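Examination of the molecular architecture
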Amino acid sequence: QVQLVESGGGLVQAGESLRLSCAASGNIESINGMGWYRQAPGKQRELVAAISRGGNTNYADSVKGRFTISRDNAKNTVYLQMDSLKPEDTAAYYCNAEVVIFPIIRTLDVWGQGTPVTISS
C-alpha cells in the first residue's frame, strides 16, 4: 500500500557530506511525523533525527550541529543532510514515517529498506 524508498547513501571520507532522501509512494492521504534511524553492526537501531508535519525537529545529541532533517510535504519526501561526517556515523540508515492512507482512513508505521553509509577515516 505504501512504500518508502531511500537513496543517497555511500562511501565517503571523514569530514565530507552526504544527503539522504526518502520518498513515500502509494495511497497516501497525508504523512505525520517522519524520521531517520540508523543501525550499526552489533548495535541497536537508534533515532538520528525526526521532523513533524509542521516542521518541528529533534536530533540525537551525537549529530546535533552536523545533520539537518527537512521535508517536502508536496513530494512526500524527507531528507537528511549529513555534514562533517565521522567514522562513527557508519551505519545502515532507515527512513520511517507515520502515514495516513485511504480509502479507509487509517495510520500505518512504515519503514524503508535502509541505505548504507560508510565513513572512512
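Predicted model only: the values in this text are computed from it and were never measured. (Residues numbered from 1 in each chain as written. Predicted model: local features only at pLDDT ≥ 70, side-chain atom pairs only at ≥ 80, totals over all residues. Heavy atoms only, no water.)

Attention now moves to unusual backbone geometry. The omega angle of the peptide bond from Phe102 to Pro103 is 10 degrees, so this bond is cis rather than trans. Secondary-structure assignment places Pro103 in the loop between β9 (91-101) and β10 (106-111). The phi dihedral of Asn76 falls on the positive side, at around 50 degrees, and the residue is not glycine. The backbone of Ser84 sits at a positive phi, close to 50 degrees, despite the residue not being glycine. Positionally, Ser84 belongs in the loop between β8 (77-82) and β9. (Helix = DSSP H or I, 4+ residues; strand = E, 2+ residues; numbered from the N terminus.)

A few words on the nonpolar core. Among the nonpolar cores identified, the biggest contains 33 residues, and Trp36, Leu80, Met82 and Tyr93 are the most heavily contacted of them. Ranked by residue count, the leading element in this core is β9, at 6 residues. (Core = buried A, V, L, I, M, F, W, Y, C linked by side-chain atoms within 4.5 Å. Buried < 20%, exposed > 50% of the residue type's maximum accessible area, 1.4 Å probe, protein only.)

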